[in-house]
Amino acid sequence: MAGKTLYDKLWDDHLVKQRDDGSALIYIDRQLLHEVTSPQAFEGLRLANRKPWRIDANLATPDHNVPTTDRAKGVEGIVDPVSRIQVETLGKNCDEFGILEFKIMDQRQGIVHVIGPEQGATLPGMTIVCGDSHTSTHGAFGCLAHGIGTSEVEHVLATQCLVQQKMKNMLVTVNGQLGKGVTGKDVVLAIIGKIGTAGGTGHAIEFGGEAIQNLSMEGRMTICNMAIEAGARVGMVAVDGTTIDYVKGRPFSPTGDAWDAAVKYWRTLHSDLDAEFDKVVELDGAEIMPQVSWGTSPEMVADVTGNVPDPAKEEDPIKREGIERALKYMGLQANQAITDIMLDRVFIGSCTNSRIEDLREAASVVQGRKVAKSLKQAMVVPGSGLVKSQAEAEGLDQIFIEAGLEWRDPGCSMCLAMNADKLGQGEHCASTSNRNFEGRQGFGGRTHLVSPAMAAAAAIAGHFVDVRELLN
Amino acid sequence: MRAFTQHQGIVAPMDRSNVDTDMIIPKQFLKSIKRTGFGPNLFDELRYLDEGKPDQDSSQRPLNPDFVLNQPRYKGASVLLARSNFGCGSSREHAPWALDDYGFRVIIAPSFADIFYNNCFKNGLLPIVLEEKIVDKLFQEAEASEGYKLTVDLEAKTVATPSGESFGFDVDDFRRHCLLHGLDDIGVTLEDAELIKSYEDQRRQTAPWLFGAGR
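Here the structure is a predicted model, which is why all the values come from computation and not from measurement.

Enquirer: Give me the UniProt feature "domain: Aconitase A/isopropylmalate dehydratase small subunit swivel" (unreviewed entry) in chain B: which residues, what numbers.
Expert: When the UniProt feature table is mapped onto this chain numbering, "domain: Aconitase A/isopropylmalate dehydratase small subunit swivel" (unreviewed entry) sits at residues 1–132 of chain B. Secondary structure within residues 1–132 of chain B divides into 20% helix and 14% strand; the distance between the first and last C-alpha atoms comes to 30 Å.

Enquirer: Could you give me a rundown of the interface of chain A and chain B, with the residues and numbers involved?
Expert: Taken together, the 78 residues of chain A in the interface contact 62 residues of chain B. Looking at the side of chain A facing chain B, the largest losses of area belong to Gln-40, Trp-53 and Phe-443 of chain A, adding up to 12% of the total buried there. Counting across the chain A and chain B interface gives seven salt bridges. Our count for the chain A to chain B interface comes out at 35 residue pairs in polar contact (both at pLDDT 80 or more). Only β1 (15–18), β2 (24–27), α2 (39–47), α3 (81–97), α5 (150–159), β8 (161–164), α10 (256–266) and α11 (317–330) of chain A provide two or more residues apiece to the side of chain A that touches chain B. Among the residues forming the side of chain A that touches chain B, the class breakdown is 32 nonpolar, 27 polar and 19 charged.

Enquirer: Tell me about the packing of aromatic side chains, and please be specific about residues and values.
Expert: Per the stated rule, a full pass over the model turns up 16 aromatic pairs over all chains. Measuring from ring centre to ring centre gives 6.2 Å for Tyr-265 of chain A and Trp-209 of chain B, while their planes differ by 40°; the resulting arrangement is tilted. Residue Tyr-265 of chain A is found in helix α10, and its partner Trp-209 of chain B is found in the segment after α8 (193–206); the two belong to separate chains. For the pair shown, Tyr-265 of chain A and Trp-209 of chain B are each scored as buried. Clustering of aromatic rings is evident, with ring pairs tying together Phe-86, Phe-112, Phe-116, Tyr-117 and Phe-121 of chain B. Here Arg-61 of chain B stacks its cationic end above the ring of Tyr-48 of chain B, 3.8 Å away from the centre of that ring.

Enquirer: Break down the packing of helix α12 (residues 356–366) of chain A against helix α14 (residues 396–403) of chain A for me, citing the residues and quoting the values.
Expert: All names here are of chain A. As a packed pair, α12 and α14 sit with axes 9 Å apart at the nearest point and diverge in direction by 40°. It follows that α12 is oblique to α14 by the angle criterion. The chirality of how α12 crosses α14 is left-handed. Facing Ile-356, Leu-359, Arg-360, Ala-362, Ala-363 and Val-366 of α12, the residues of α14 in contact are Leu-396, Ile-399, Phe-400 and Ala-403. When the residues that make up the contact of α12 with α14 are grouped by side-chain class, the tally is nine nonpolar, no polar and one charged.

Enquirer: Describe the side chain of Asn-434 of chain A, with residues and values.
Expert: Residue and element names in this part refer to chain A. With respect to the element layout, Asn-434 can be found in the loop between β18 (428–431) and β19 (446–449). A relative accessible area of 0% means that Asn-434 is categorised as buried. Within polar-contact distance, the side chain of Asn-434 engages the side chain of Thr-352 at 2.9 Å. Not counting residues within four places of it along the chain, the set of residues in contact with Asn-434 comprises His-134, Asn-225, Met-226, Glu-229, Pro-298, Ser-350, Cys-351, Thr-352, Cys-415, Arg-440 and Leu-449.

Rules behind the numbers
- Residues numbered from 1 in each chain as written.
- Chains lettered and ligands numbered in written order.
- Predicted model: local features only at pLDDT ≥ 70, side-chain atom pairs only at ≥ 80, totals over all residues.
- Heavy atoms only, no water.
- UniProt positions renumbered as here; feature names shortened; annotations may be inferred.
- Helix = DSSP H or I, 4+ residues; strand = E, 2+ residues; numbered from the N terminus.
- Contact = heavy atoms within 4.5 Å.
- Buried area = accessible area lost by both parts, 1.4 Å probe.
- Salt bridge = Lys/Arg side-chain N within 4 Å of Asp/Glu carboxyl O.
- Polar contact = N/O pair within 3.5 Å; in protein donor to acceptor, adjacent residues only side chain to side chain.
- Nonpolar A, V, L, I, M, F, W, Y, C, P; charged D, E, K, R; others polar.
- Phe/Tyr/Trp six-rings, centres within 6.5 Å; stacked < 30°, edge-to-face > 60°.
- Buried < 20%, exposed > 50% of the residue type's maximum accessible area, 1.4 Å probe, protein only.
- Lys NZ or Arg CZ within 6 Å of the ring centre and 35° of its normal.
- Axes fitted to C-alpha atoms, helices over the stretch in contact; angles between N-to-C directions.
- Parallel < 35°, antiparallel > 145°, perpendicular 65-115°, else oblique.
- Left-handed = near helix turned anticlockwise from the far one by under 90°.

The structure is reproduced here in structure tokens:
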């Protein structure tokens, strides 16, 4: 019999009941909650007169709607009354049910997918869910983590379980070494460009290979974060020393004997050598260039040294129409050089790229340089209050401010523009976020997905440039 | 949950692949703390010419005449015919809520994004996967004849055209069972409460670090 994949192991360890009809009850170790996808779930509990099954499995924070300026006023500082009601509702629900919440004024507040790992609330081997598709982020720790809808948020609150069908196993291997200036973000964009936005549908993706193993936890989180953009709800990386070092000493992490027992178990969280995958994709890390998305789907990416595609050269009529529609929306010409795309705004942040390492990379590029005068705005939004204070302790905030970037308070911000941070119609943005869908960052806004280093380089030039030219 | 057994309805063909959940219901409408009222903002950016805002009377807004749902022949459509990877992007259940609130009961496509597909079943909406060439054929027929209707039978797992042609589809047994009977699946899971407790007790022994930390 073939060995088990990491996904198989995590599945088996959380299987409460295998039903005859092929569905299974899977136990959930951690649920993260935020203000947008939880109110209807709490309301459902109340209507059915149910209580949460296990209070201590939940951790909440407001992130999608929070302003990134003027935070001293707390909830009162949220200008949009509808946003404010949502944040207040999360607070009331957590208070009523006794769930731990990092409220807007708490230094530990931040984007759910940043604070989970930061607190050690994300531990290897856990099943983790959240009403947010980027929950795949936590798979970087050898977790089975995925986004769910609000009905399932309610289901997990009420039962601590989910009804699941087992997914297929997919392995994406990135061999070799990444070049200088090439980051986890470029790797994942290149993967999505290769396999497409539905390439991982129905699969749990494990990312492996030398290039992945050499990444920090931040880089691995960036890659797993965007598994969903390749269609896979789940992205994972095997546990190794890098994982265990990251987890050690965090507030929710075990200590003493429990730590030793945990580490012993965590060391088993990798696919067996003879495990079989339903689908395998390989990339050569050395060939991956800094990536820039030119279209309205995350698979529409090009090397920074490349050009916008020509729809006339696409034979598939549905794809051709997709390219034509994207170029029209993006206001780009076929065959235009990527480096000729002029920018209006730069956004460094989001659950994909707002961790300390991301900010260090961006700061190293802008240090001693100035943001292009042609830009309307360049902003840096740290992923949590703790990332913010760490960055400030390292002086990164001063580097950004001196270069002409805005230094903001933590939240999802312009990744999805539910708060006041958004693009104007027709504006081009170099963004470290995860989705370049039409209107995602604001009505009529044009998003280009890039790494923090590439976004920083673009902020200096006012258009895309190959960041490798700026690195000495 | 509303049960789904059979449904016959007018088909609206949306000829575009990779329709994402931001397109189905843009983020400014996710600020509601209710499950209802999203219908007027379904496909907001495609459907209207102006920028939609929450709490606005959408009946007064300028419509995009080119958008399929604005064409009089598709008025009252309850079956959405779509292209591949429908519902990709975020996990927002507001997407099926908006489709449901508008009046859709069935969505047919060659493929769906996983989370969206799952969310539909929780709301009495039936997503049906048919082969691409069958979907192509349905597109041609729906566009060729006004008032084109499809009949969907979940018990029999079939989609029938007006000419009597019938196509079978797959759906897993548990989801089908819940939808046919309109079951509250939390109630179904809680029938296994003892099993969940015994799993939990065993995990408290073998993996104590998963419990109570940080509180």
